[in-house]
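One-letter residues, chain by chain:
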Amino acid sequence: MTGNDIAIGQYLAVETPLNRMDPRLKLVMVVACVVMVFLYGTGWELLSFSVLLLVVLAATRLPLLPVLRSLETVWVIVLITFLLQAFLTPGEVMWHWGFLSVTDTGLSNGITLSARVLLLVLLLTALTMSTAPLDLADGLQSLLRPLAYLKVPVSRVTTVVSITLMFIPGILEQSRKLVKAQMARGADFESANIFRRVKDIVPVLVPIFVKVFHDADDLALAMDARVYDGGKNRTRLHPLKIGVLETILTVLFISTAITIKFVL
Amino acid sequence: MHDEPHEIAAENLTYTYPGMSRPALYGVSHRFRQGEFHAVLGRNGSGKSTLALCLNGLITPGEGRVLSCGLDTSVPTNASEIRKQVAIVFQTPDTRMVGSTVEEEVAFGPENLGLSPLVIRKRVDEALELAGIEDIARRQPQQLSLGQKQLVAVAGAIAMEPSFLISDESTSMLDVRSRAGVLKLFADLQERGVGIVHVTHFLEEAAIADQVVILESGRIAGTGPPGELLSDPTRVRNLGLDPLPATMVAEELAALGHHTGGYILTAEELLLWSRA
Ligand SMILES: Nc1ncnc2c1ncn2[C@@H]1O[C@H](COP(=O)(O)OP(=O)(O)OP(=O)(O)O)[C@@H](O)[C@H]1O
Ligand SMILES: [Mg+2]
């Protein structure tokens, strides 16, 4: 399998330690990481964390190429975030062109914010690629169960989350196909002219959304037909089980992530 | 629900899709009984899939009602009991898969019933074997062919151990051998008292049914035993289908002045007549 065959964010049924890990531990880990990514204040902290994350992901032998490829899909958002920060933050002017000026705080804000977006995408991709949607839904249901006592509609939340998770790869795959089809008909997505590009993208987006909503509806109906109610009373063929070693490793990883914040 | 009548009764069922002016089903009344095999025939768009969805309450009638094993599908609190009793295999299996392996896909229904892992294991293995797909148990559903996906969907439905199995063209993409396998499976289930509702465009599959229901533009255009309905070449051609070979031979013979009299669907029936 080459990187190009794999839909971004799609569960990869490969035998890695990360795949075997209990979904609840993975969820806790990702949530902890997301919190840390927002707490890190400096570029050094973010850089150290990125290195830590990549080393850990590489160590689990999760195919890194498709995970990294997910970053490709968000580069536009990252670029816009970066530019807005760099140009619009007040501070000491480093460089200017006409009425536009880049400030030092702007530049460092731009870098940290972009790094945060990239890290979030990386974390979520690693999670969804290493965890089957149903495991994720059941893990979420199990973690959120206490909230049901506070009248939070946990089952509804997990249903929506699981259906969404099952569809992210589909949406991305559909877009990729349609973009290709439109390009074959002469659409120009690589154009430097942003208006031209937007004009070519809109007709692609509409059919994607129509198809995706239709498919999501089908799937929801099929799950309903097999008595799925958000997983309240579900049992599993392979019940979820948290192991000792994986718990220790998770605690270790989260501790390291926290240490970065206080050491650097 | 064992004291309730074991049937699915559609009573004057009318259904209109939201935003549509014409009903997809109009005044449909029919009783599908447990332990019987009922085939539903009709041209594309005649309302077969809509009927299938109505039978286990995935959509509820605008007028009339559907009683599934004695439970009114329009009552929301009946929904989960009805779904347990009436399993469905959808016409398009490819957008309906949730498991990351075939085994987990088949286990999904029993898991939702809250059964113990051991019982789930037993049901899954049994269903995979009955559908003849033990060899692909560990494959990812997305990587399968459409025909294989249909077999997985059939296995997923029978793992629920329902009283009724609704099959919406579940054999449409199967090769001859797999189709025969699924029909044999239906016959076995029927033997065990399961009611089969099989939507199909294959006349030879309808010919082995206990009852045939013919839909035309959302209305029932005929119900009865297959011999009566399907040996009439004109009626069959109206369905957009070719009459069965034996029926066509009988038609030719009739044109030559040799009237066969009774209903001719199979070569055996033709042979019996010629000997008489
Ligand atoms: N989701 C929907 N929204 C609106 N109209 C629909 C929808 N699904 C089906 N219809 C319409 O309802 C009618 C009956 O459709 P149905 O799918 O039941 O036909 P069918 O007999 O199963 O056809 P086929 O043999 O092609 O599967 C058709 O006219 C169809 O266009
Ligand atoms: Mg149909």
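Remember, it's a predicted structure, so these values are computed and weren't measured experimentally.

### A few points about the overall build of chain A
Okay, so step 1: Summing up its helical and strand segments, chain A has 10 helices and two strands in all.
Okay, so step 2: Reading the helices (α) and strands (β) of chain A from amino to carboxyl end gives α-α-α-α-α-β-β-α-α-α-α-α.
Okay, so step 3: Here chain A holds 264 residues, and the buried ones make up 42% of them.
Okay, so step 4: Across chain A, the fraction of contacts at a sequence separation of at least 24, relative to all contacts at a separation of at least 6, is 72%.
Okay, so step 5: As presented, chain A carries roughly 14600 Å² of accessible surface, and 71% of it is formed by carbon and sulfur atoms.

### Here's the deal with the interface of chain A and chain B
Okay, so step 1: Taken residue by residue, the interface counts 24 residues in chain A and 35 residues in chain B.
Okay, so step 2: Interface area, chain A with chain B, both sides summed: about 2600 Å², of which 58% is carbon and sulfur.
Okay, so step 3: Taken as a group, A:Arg226, A:Val227 and A:Leu237 account for 31% of the area that chain A buries against chain B, more than any other trio of residues on that side.
Okay, so step 4: Taken together, chain A and chain B are joined by five salt bridges.
Okay, so step 5: B:Glu111 serves as the salt-bridge partner of A:Arg234, at 2.7 Å between the closest nitrogen and oxygen.
Okay, so step 6: Linking chain A with chain B are 12 residue pairs in polar contact (both at pLDDT 80 or more), by the criterion used here.
Okay, so step 7: Sorting elements by how many residues they give to the side of chain A that touches chain B places helix 9 (residues 194–225) of chain A first, with eight residues.

### Observations regarding the site of ligand 1
Residue and element names in this part refer to chain B.
Okay, so step 1: Residues in contact with ligand 1 amount to 14 residues; listed here are only the nearest, Gly45, Lys48, Ser49, Thr50 and Gln91.
Okay, so step 2: In this structure, an oxygen atom belonging to ligand 1 sits 3.0 Å away from a main-chain N or O atom of Gly47.
Okay, so step 3: At 2.8 Å from an oxygen atom of ligand 1 is found a side-chain nitrogen or oxygen belonging to Gln91.
Okay, so step 4: When isolated, ligand 1 has an accessible area of 630 Å², and the protein chains bury 63% of it.
Okay, so step 5: Residue composition of the shell around ligand 1, by class: three nonpolar, eight polar and three charged.

### As for the coordination of the magnesium ion (ligand 2)
Okay, so step 1: Those protein atoms acting as donors to the magnesium ion (ligand 2) are B:Ser49 (OG) and B:Gln91 (OE1), and they sit at 1.9 to 2.1 Å. One end of the pair, B:Ser49, is in helix 1 (residues 48–55); the other, B:Gln91, is in the loop between strand 6 (86–89) and helix 3 (102–112), with 42 residues separating them in the sequence.

### Topic: the packing of helix 10 (residues 245–255) of chain B against helix 11 (residues 267–275) of chain B
All names here are of chain B.
Okay, so step 1: Following both chains from N to C, one finds helix 10 and helix 11 inclined at 35°, their axes separated by 8 Å at the closest point. Of the two elements, helix 10 crosses helix 11, and the hand of that crossing is left-handed. Across from Ala246, Val249, Ala250 and Leu253 in helix 10, the residues of helix 11 making contact are Ala267, Leu270 and Trp273.
Okay, so step 2: Partitioned by chemical class, the residues of the contact of helix 10 with helix 11 number seven nonpolar, no polar and no charged.

### Describing the packing of aromatic side chains
Okay, so step 1: Summed over all chains, the structure comprises five aromatic pairs over all chains.
Okay, so step 2: Ring geometry for A:Phe49 and A:Phe253: centres 6.5 Å apart, planes at 55°, overall tilted. In this pair, A:Phe49 is assigned in helix 3 (residues 43–59) and A:Phe253 in helix 10 (residues 244–263), connecting sequence segments 204 residues apart. In this structure, A:Phe49 and A:Phe253 share a single accessibility class: buried.
Okay, so step 3: Grouped by ring-pair contacts, the aromatic residues A:Tyr40, A:Phe49 and A:Phe253 constitute a single cluster.
Okay, so step 4: Its end group placed over the ring of B:Phe202, B:Arg179 keeps NZ or CZ at 3.6 Å from the ring centre.

### Section: the sheet that holds strand 5 (residues 71–72) of chain B
All names here are of chain B.
Okay, so step 1: Taken together, the four strands give an open sheet; going across it, the order is 2-1-4-5, and neighbouring strands pair in antiparallel fashion. The sheet is open, and its two borders are formed by strand 2 (25–33) and strand 5, each paired with just one other strand.
Okay, so step 2: Helix-sheet contacts for helix 1 involve strand 1 (7–15), strand 2 and strand 4 (63–68), and the interaxial angle to strand 2 is about 60°.

### Points about empty space enclosed by the protein
Okay, so step 1: Within this structure, the stated rule accounts for two cavities of 30 Å³ or more.
Okay, so step 2: Size it by volume and the largest cavity reaches roughly 180 Å³.
Okay, so step 3: Around the largest cavity sit 17 residues that line it, and A:Arg226, B:Ile88, B:Val89, B:Phe90 and B:Ala153 are the ones nearest its centre.
Okay, so step 4: For the lining of the largest cavity, the elements supplying multiple residues, two or more each, are helix 9 of chain A together with strand 6 and helix 5 (146–158) of chain B.

### Focus: a nonpolar patch on the surface
Residues and elements named next belong to chain A.
Okay, so step 1: A grouping of Trp75, Val76, Leu79, Ile80, Leu83, Leu84 and Leu88 is seen on the molecular surface, where their side chains present a nonpolar patch of about 660 Å² in accessible area.
Okay, so step 2: Note on placement: Val76 falls in helix 5 (residues 75–88).
Okay, so step 3: Relative accessible area serves as the criterion here: at 37%, Val76 is assigned to the partly exposed category.

### A word on the pattern of salt bridges
Should the charged atoms of two oppositely charged side chains come close, the side chains can pair.
Okay, so step 1: Applying the stated rule across the entire model yields 22 salt bridges over all chains.
Okay, so step 2: Measuring nitrogen to oxygen at the nearest pair gives 2.7 Å for the salt bridge that ties A:Arg20 to A:Glu15.
Okay, so step 3: Classification of A:Arg20 by relative accessible area gives exposed; the value is 53%.
Okay, so step 4: Here A:Arg226 and B:Glu105 are joined by a salt bridge, their closest N and O atoms 2.2 Å apart. Taken together, the positions of A:Arg226 in the loop between helix 9 and helix 10 and B:Glu105 in helix 3 put the pair across two chains. In terms of burial, A:Arg226 and B:Glu105 fall into one category: buried.
Okay, so step 5: In the salt-bridge network here, residues are joined through shared partners; they are A:Asp135, A:Asp138, A:Arg234, A:Arg236 and B:Glu111.

### Remarks on the nonpolar core
General note: in soluble globular proteins, nonpolar side chains tend to be found buried as a group.
Okay, so step 1: Residues B:Leu41, B:Val106, B:Ile133 and B:Leu165 are the most contacted members of the largest nonpolar core, which totals 49 residues.
Okay, so step 2: In this view, B:Val106 contacts A:Arg226, B:Val124, B:Ala127, B:Leu128, B:Val152, B:Ala155, B:Gly156 and B:Ala159; residues no more than four positions away in its chain are not counted.
Okay, so step 3: Ranked by size, the runner-up nonpolar core spans 30 residues in total, among them B:Tyr15, B:Leu53, B:Cys69 and B:Val86.

### Observations regarding the sheet that holds strand 3 (residues 37–42) of chain B
Residues and elements named next belong to chain B.
Okay, so step 1: One open sheet accounts for six strands, arranged 6-7-8-3-9-10; its pairing is mixed. The open sheet terminates on both sides in strands that have one partner only, identified here as strand 6 and strand 10 (219–224). Averaged over all pairs of adjacent strands, the angle between their axes in this sheet comes to 15°, without regard to strand direction.
Okay, so step 2: As paired strands, strand 7 (residues 164–168) and strand 8 (residues 195–199) are joined by five bridges and run parallel to one another.

Rules and cut-offs
Residues numbered from 1 in each chain as written. Chains lettered and ligands numbered in written order. Predicted model: local features only at pLDDT ≥ 70, side-chain atom pairs only at ≥ 80, totals over all residues. Heavy atoms only, no water. Helix = DSSP H or I, 4+ residues; strand = E, 2+ residues; numbered from the N terminus. Buried < 20%, exposed > 50% of the residue type's maximum accessible area, 1.4 Å probe, protein only. Contact = heavy atoms within 4.5 Å. Areas by Shrake-Rupley, 256 points an atom, 1.4 Å probe, with all protein chains shown as cover. Buried area = accessible area lost by both parts, 1.4 Å probe. Salt bridge = Lys/Arg side-chain N within 4 Å of Asp/Glu carboxyl O. Polar contact = N/O pair within 3.5 Å; in protein donor to acceptor, adjacent residues only side chain to side chain. Near = heavy atom within 4 Å. Nonpolar A, V, L, I, M, F, W, Y, C, P; charged D, E, K, R; others polar. Donors = N, O, S within 2.8 Å, 3.2 Å for Na, K, Ca; no water. Axes fitted to C-alpha atoms, helices over the stretch in contact; angles between N-to-C directions. Left-handed = near helix turned anticlockwise from the far one by under 90°. Phe/Tyr/Trp six-rings, centres within 6.5 Å; stacked < 30°, edge-to-face > 60°. Lys NZ or Arg CZ within 6 Å of the ring centre and 35° of its normal. Pairing = 2+ DSSP bridges. 1 Å grid on protein atoms, 1.4 Å probe; cavity = no way out; pocket = protein on both sides within 12 Å on 5 of 7 lines; lining within 4 Å. Points joined across faces, edges and corners; volume = space filled by probe spheres on them. Patch = residues over 30% accessible without salt bridge, like charges linked within 9 Å, V, L, I, M, F, W, Y side chains within 5 Å. Core = buried A, V, L, I, M, F, W, Y, C linked by side-chain atoms within 4.5 Å.

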